[in-house]
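# Coordinate inspection notes
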Amino acid sequence: MSDLPRKAVTRTAKLAALPLGFAGRTALGLGKRIGGRSAELIAAELQQRTAEQLFATLGQLKGGAMKLGQALSVFESALPEQIAGPYRAALTKLQEAAPPMPVKSVHAALAERLGEDWRDLFEEFEDQPAAAASIGQVHRAVWHDGRAVAVKVQYPGAGEALLSDLTQLGRFARLLGPLIPGMDIKPLISELRDRVSEELDYGLEARAQSAHAREFAGDPDVTVPAVVHQGEQVLVTEWMEGVPLSEVIAEGTQEQRDRAGQLLARFLFSGAARTGLLHADPHPGNFRLLTGDAPDGPPERWRLGVLDFGTVDRLPQGLPKEIGTALRMTLDGAAEEVHELLREEGFVKPGIELDPGAVLDYLLPIIEPAQVAEFTFTRGWMRAQATRIADPRSPAYQLARQLNLPPAYLLIHRVTTSTIGVLCQLGATVRLRDEMEAWVPGFAVADESQETPA
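This section reports on the structure supplied with the text. Source: prediction; values computed, not measured. (Residues numbered from 1 in each chain as written. Predicted model: local features only at pLDDT ≥ 70, side-chain atom pairs only at ≥ 80, totals over all residues. Heavy atoms only, no water.)

## Considerations on helix α15 (residues 356-366)
Here is the rule we go by: Exposure classes here rest on a 1.4 Å probe applied to the protein chains alone. A residue is buried below 20% of its type maximum, exposed above 50%, and partly exposed in between. Segments assigned H or I by DSSP are reported as helices when at least four residues long, segments assigned E as strands when at least two residues long, and all are numbered from the N terminus. Relevant arc is that of directions from the helix axis to the C-beta atoms, nothing else. Residue contacts follow a heavy-atom distance rule, with two residues in contact if any of their heavy atoms lie within 4.5 Å.
When α15 is considered as a whole, its buried residues turn out to be Pro356, Val359, Leu360, Tyr362 and Leu363. Within α15, the buried residues cover an arc of 165° as seen down the axis, which keeps them to one side. Among the structural elements, α13 (321-331), α14 (335-344), α16 (379-390) and α17 (395-400) are those in contact with the buried residues of α15.

Take a look at the structure:
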């Protein structure tokens, strides 16, 4: 396996082949159908080949291509079940692994970034990566003080590759749209591109991870590894054992799924309230379940381990109070007040006239999980929401086209919808309302003496 492909012409050619491949397979399928093969068999074959090409291309290129694949993977639960299977296996692979960087390239990068005597920093260093992701890979090692550590090494040329990929992907985002019904992929690509510089800066990541590690030290539900050392394009953190969340999604018991889902929801809302930072990359590859002395149960004693703080949203006051207030008023049926708040916050642009009752009808199904004491997230529910918003004949589709997503809420929206996608993959029953009442400003029943938990 060669180094991360850096030549723009090489990467562009590989990415450009994706839509050509989609189109070619569609034409081939039409020919087979004319020849007498059933539409169902042909569709399944085309979907499998498309998934294989998608994974092969995005995984090999790493960079922005793989970053998009990881972002899309959490939305596979929105696909119709007969289509989801082939994509699910391919996209889920992107959450955990990618082809590794050659050993000689890893050593050269460490020598350049930590000094020629970099080996003196470690008692042991495993050349084979434990994990590989979009802009870097992780090696297991033992720090000079005996601590087991994870060494994150950025791919040479990762920044150039990220920008090149996302620019190219943006050009044919429309062709990727059918992969995830109800989702506009172009704004997702634009938002990922805007975050490139932050994700490449391991200094910013170290500070964000350290803030979480300090806040959650000793927490009974969430664990964040401490930062051990941070250098130029190298980040060393404490090693964390655990069951990958993707394994719980694939084969966990219902009790394990429910515990994982509850912890994921708790971290989504409590993290922002407690640290002023929102972990903004919630795909399953960034989470572990720490079983401690209960590897086979009871799951109630499991904790959630959180990795990768390369992308965060800075929210000094936690989630905006306007979000919680709008959600509470929606549940209370206050259509006029919800409409006015959305207009004040820029969700309804000046000159756009909407029926407040229609806005309420649009929002209520989406926030159904907060209406009840506990809610079971399912792929079927996610598909129903995606279909409702994606169907041009639906009133929800027509209203959604008139709403605006202000830049300040863009990352919050993506993180929330991504987390819900993972909860649907888990099929978890979660007490979401409890977490929102505890951690989302403005959501709890109005009480002037009540303060947001710190």
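## A closer look at the pattern of salt bridges
Formally: Put simply, a salt bridge is a Lys or Arg side-chain nitrogen that is within 4 Å of an Asp or Glu carboxyl oxygen.
On inspection of all chains with the given rule, the structure shows 12 salt bridges. The partner of aspartate 221 in a salt bridge is arginine 259, with the nearest N and O atoms 3.2 Å apart. Of this pair, aspartate 221 sits in the loop between α10 (202-215) and β5 (222-223) while arginine 259 sits in helix α12 (residues 254-275); the two residues are 38 residues apart in sequence, bridging distant segments of the chain. Just as aspartate 221 is buried, arginine 259 falls in that class too. Close ionic contact of arginine 431 with aspartate 434 constitutes a salt bridge, the shortest N to O distance being 3.7 Å. For arginine 431, a relative accessible area of 37% corresponds to the partly exposed category.

## Things to note about unusual backbone geometry
The backbone of glutamine 233 sits at a positive phi, close to 65°, despite the residue not being glycine. Of note, glutamine 233 is situated in the loop between β6 (227-231) and β7 (234-238). Within the chain, aspartate 308 stands out as a residue other than glycine whose phi angle is a positive 65°. Along the polypeptide, aspartate 308 turns up in the loop between β11 (303-306) and β12 (312-314).

## Topic: the nonpolar core
Heads up, the condition is: Buried Ala, Val, Leu, Ile, Met, Phe, Trp, Tyr and Cys residues form a nonpolar core when they are joined through side-chain atoms within 4.5 Å.
Judged by nonpolar contacts, the single largest core of 50 residues is most densely connected at Leu245 and Leu426. Here this core gets eight residues from one element, more than from any other, and that element is α12. Among all residues touching leucine 245, those that are not within four sequence positions of it are Ala260, Leu264, Pro284, Phe287, Leu289, Val422 and Leu426. If you look at the next biggest cluster of nonpolar residues, it comprises 28 residues, including Tyr155, Ala158, Leu162 and Val196.

## Remarks on the packing of α13 against α14
Here is the rule we go by: Lines fitted to the C-alpha atoms define the axes, with helices restricted to the stretch that makes contact. Angles between their N-to-C directions range from 0 to 180 degrees. Relative orientations are named as follows: roughly parallel for angles under 35 degrees, roughly antiparallel for angles over 145 degrees, roughly perpendicular for angles from 65 to 115 degrees, and oblique for any other angle. Here is the rule for handedness: rotate from the far helix to the near one, and if that takes an anticlockwise turn smaller than a right angle the crossing is left-handed, while a clockwise turn gives right-handed.
At a minimum axis separation of 8 Å, α13 and α14 run at an interaxial angle of 155°. Judged by the angle between their axes, α13 and α14 are roughly antiparallel. As α13 runs across α14, the sense of the crossing is left-handed. Residue-level contacts link Glu322, Thr325, Ala326, Met329 and Thr330 of α13 to Glu337, Val338 and Leu341 of α14.

## Thoughts on the packing of aromatic side chains
To keep things clear, this is the line we draw: Planes of paired rings set the category: under 30 degrees apart is stacked, over 60 is edge-to-face and the rest tilted, where pairs are Phe, Tyr or Trp rings (Trp by its six-membered ring) whose centres lie within 6.5 Å. Charge over a ring is defined by NZ of Lys or CZ of Arg lying within 6 Å of the ring centre and within 35 degrees of the ring normal.
Following the criterion strictly, the structure yields nine aromatic pairs and no others. Their ring planes at 55° and their centres at 5.8 Å tell us that phenylalanine 216 and phenylalanine 267 sit as a pair that is tilted. Taken as a pair, phenylalanine 216 in the loop between α10 and β5 and phenylalanine 267 in helix α12 lie far apart in primary sequence, 51 residues in all. Judged by centre distance (5.4 Å) and plane angle (70°), the rings of phenylalanine 375 and tryptophan 381 are edge-to-face. Of the two residues, phenylalanine 375 and tryptophan 381, both sit in the buried class. The structure contains a cluster of three or more aromatic residues connected by ring pairs, namely Trp118, Phe122, Phe125 and Trp143. Above the ring of phenylalanine 216, the side-chain terminus of arginine 274 is found at 4.2 Å from the ring centroid.

## As for the sheet that holds β11
Using the following cut-off: Here the rule is simple: two strands pair whenever DSSP picks up at least two bridges between them.
The strand order across the open sheet formed by four strands is β5-β11-β10-β8, and the pairing between neighbours is mixed. At either end of the open sheet lies a strand with only one pairing partner, and these are β5 and β8 (243-244). The strands that α12 touches are β5, β10 (287-290) and β11; relative to β11, the one it contacts most, it runs at about 55°.

## So, the packing of α10 against α12
The N-to-C vectors of α10 and α12 enclose an angle of 100°; their axes lie 10 Å apart at closest approach. In terms of their interaxial angle, α10 and α12 are classed as roughly perpendicular. Together, Ala211, His212 and Glu215 of α10 and Phe267, Arg274 and Thr275 of α12 make up the contact between the two elements.

## Quick word on the environment of leucine 315
By secondary structure assignment, the location of leucine 315 is in the loop between β12 and α13. Residue class for leucine 315 comes out buried when judged on its relative accessible area of 9%. Separated by 43 residues in sequence, leucine 315 and alanine 272 have C-alpha atoms that sit 6.7 Å apart. Ignoring anything within four residues of it in the chain, the contact list for leucine 315 reads Ala272, Gly276, Leu277, Leu278 and Ile412.

## Looking at the pairing of β11
Pairing of β5 with β11, which is carried by two bridges, proceeds in the parallel orientation. Bridge assignment links threonine 223 to a residue of β11, and that residue is glycine 305. Summarising the sheet, β10 and β11 pair through four bridges and their orientation is antiparallel. Across the sheet, residue arginine 288 finds its bridge partner in β11, namely glycine 305.

## A word on the environment of valine 312
When you line up the elements, valine 312 lands in strand β12. On the accessibility criterion, valine 312 (1% relative accessible area) is buried. Along the backbone, valine 312 and leucine 277 are 35 residues apart, and their C-alpha atoms lie at a distance of 6.1 Å. Residues in contact with valine 312, not counting those within four places in the same chain, are Arg195, Glu198, Ala208, Leu277, Leu278, His279, Ala280 and Leu411.

## Here we look at the side chain of glutamine 262
Along the polypeptide, glutamine 262 turns up in helix α12. Look past the residues within four positions of glutamine 262 in its chain and what remains in contact with it is Thr429, Val430, Arg431 and Glu435.

## Thoughts on α12
Because each turn of an α-helix spans 3.6 residues, side chains separated by three or four positions in sequence point in the same direction. What counts here: Each helix should span, by expectation, one fewer than its residue count multiplied by 1.5 Å. Bend at a residue means the angle formed by two fitted axes: the first through the 7 residues ending at that position, the second through the 7 residues beginning there.
Under the 1.5 Å per step criterion, the end-to-end length of α12 is 31 Å for 22 residues, consistent within 8% with the ideal 32 Å. For α12, the principal kink sits at phenylalanine 269 and spans about 30°. The element α12 is largely enclosed, with a buried count of 17 among its 22 residues. Downstream of α12 by one or two residues, glycine 276 has phi in the positive range, about 75°.

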